[in-house]
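Commentary on secondary and tertiary structure
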Amino acid sequence: MTSDYILALDQGTTSSRAILFDGSGHPAGVAQKEFKQIYPRPGWVEHDPEEIWSSQLNAAHEVLRQAAVGAHQIRAIGITNQRETTVIWDRSTGRPIYNAIVWQCRRTAEECDRLRAAGLAPVVQASTGLVIDAYFSGTKVKWLLDNVPGARDLAREGKLAFGTVDSWLIWNLTGGQKHVTDYSNASRTMLFNIGTGEWDDQLLGALDVPRNLLPEVAPSSAVIGETASALFGRAIPIAGIAGDQQAALFGQACTGSGMSKNTYGTGCFMLLNTGSDRVNSRSNLLTTIAWKLGDEPLQYALEGSVFIAGAAIQWLRDGLKIIASAGETQAMAESVSDNGGVYFVPAFVGLGAPYWDQYARGTIIGLTRGSGREHIARAALESIAYQTYDVLTAMGDDSGIQLSELRVDGGAANNDFLMQFQANVLGIPVVRPANTETTSAGAAFLAGLAVGFWPNAAELGALWKREKTFEPKMSKSERESLIEGWRRAVERSRSWVIAQ
Ligand code: ADP
């Protein structure tokens, strides 16, 4: 084993992290820098792009210092990033023309209504695999060009550059030499045809985005440039790029068709690798590019999210105040033999796939005099598993793929009760890896593959180690009866808010 490393840069929504990975795929050092969240108005979210860059660079310097690793020991850099967040900068000065508009920002919701009214939803789905939504970069680019004084003229003259956060970091890492993104990030812009692998002229026209603003699209695993030597004292190849969820799929070594991971955080993010088949969803799941390795064909994934997962546990703690810490819910849930007939549908912000009901609201149902806080805590954990079941069922229906196991990560994946119940409800094993730094591992793996640090994807599969497997232990009849209870509870939560 050499003493060389891959440096992963994990530029997230609330912090910039830098993680060193050794040849056995272990994280050998981590540094993290938080940065400011900017909320100029209700529903608007921005970041300062200069702070994204400086926090990321500082994290990289810090992890090298802490681990006493020199730049000469870094074989390559891999980048993973908060997806969809949009930056436009001036090509000559390198200065952003405005703050970064963050994926969560709802400022372009009305523009999205306009696009839907113009009949563009089928066009967007056919080309980009997405549903029209303010999350994606396209309408954010249009907003910047329409609202920053002088931006349209500068754009027309070819003086501006648009990028998602990966592009912005690479521009800065290469001293302005490279204006590049990768296929996984491009597929989240709502401007990119995921079938042809090219920017979509019809959508660029509909959103009035000039082509000269756009980055070159590069493979997710390939040497795309080098860092300016002043930054680390030596030029380091930049060899891996992927959006955070795709990177986590790769970091979970879900490199073959039919493999799936679920991240249990505030919400859940589930991705199913469908290989070189682009599966179009009938359930309004997203179809996205998973990655492109060098010259190999594009690989696709189906993506579904659950809005409220760990956030339901946060609500028990901070809203209802029946627990002091999230971890307590495991013992509470295990202290009762079953849910006591109690179901909790945490539709705090409506329901996503496969229901898509923005008027649904949260409900706790089935309460009796015998119901205690343990039952409510248990019902909250169970709701995370049922929602995951709903999305995975929709993915199975759309793709015809039957999963053989589910790989898990994220904060709430540490809850053994939840993971066992998840296995029971799905009827397949749920597998938690030893290394839960899956997002940054994915970026490192993509970069390491490109420079021969690891020889091939099969080798990466061997680096991935399971910590614990939860085997399903519930009878079919019990499972079906619980799922039936969940379905009836969901029905009660639906169409609750009366549309104005
Ligand atoms: P994010 O990246 O979305 O902030 P994390 O992966 O850090 O999320 O996970 C945090 C979420 O997981 C919180 O919503 C928290 O309530 C939940 N959580 C953390 N630990 C546990 C646990 N042991 N049991 C249940 N939920 C948990």
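Please read all numbers here as calculations on a predicted model, not as lab measurements.

Here we look at the sheet that holds strand 3 (residues 27-34)
Ordered in space as 3-2-1-5-14-13, the 6 strands form an open sheet in which the pairing is mixed. Two strands in the sheet have a free side with no partner beyond their single neighbour: strand 3 and strand 13 (221-226). Going across the sheet, the axis of each strand differs from the next one's by a mean of 25°, ignoring polarity. Judged from the 6 bridges that link them, strand 1 (residues 5-11) and strand 2 (residues 15-21) form a sheet pairing that is antiparallel. Its bridge partner lying in strand 2, A8 is registered against I19. Together, strand 1, strand 2, strand 3 and strand 5 (74-81) form the strand contacts of helix 1 (residues 49-66), whose direction differs from that of strand 2 by roughly 30°. This element, helix 10 (residues 244-251), spans strand 5 and strand 14 (237-243) of the sheet and lies at about 105° to strand 14.

Digging into empty space enclosed by the protein
Overall, the coordinates contain 2 cavities of 30 Å³ or more when judged by the stated rule. Put simply, the largest cavity is a space of about 120 Å³. Lining the largest cavity are 18 residues, with V306, L351, G352, A353 and Q387 positioned closest to its centre. Secondary structure elements with two or more residues in the lining of the largest cavity: strand 18 (299-306) and helix 13 (373-399). The biggest single contributor to the lining of the largest cavity is helix 13, with 3 residues. Volume-wise, the second largest cavity comes out at about 30 Å³. Residue lining of the second largest cavity: L115, L120, V124, M190, L203, A206 and L207, and that is the complete set.

What counts, and where the lines are drawn
Residues numbered from 1 in each chain as written. Predicted model: local features only at pLDDT ≥ 70, side-chain atom pairs only at ≥ 80, totals over all residues. Heavy atoms only, no water. Pairing = 2+ DSSP bridges. Helix = DSSP H or I, 4+ residues; strand = E, 2+ residues; numbered from the N terminus. Axes fitted to C-alpha atoms, helices over the stretch in contact; angles between N-to-C directions. Contact = heavy atoms within 4.5 Å. 1 Å grid on protein atoms, 1.4 Å probe; cavity = no way out; pocket = protein on both sides within 12 Å on 5 of 7 lines; lining within 4 Å. Points joined across faces, edges and corners; volume = space filled by probe spheres on them.

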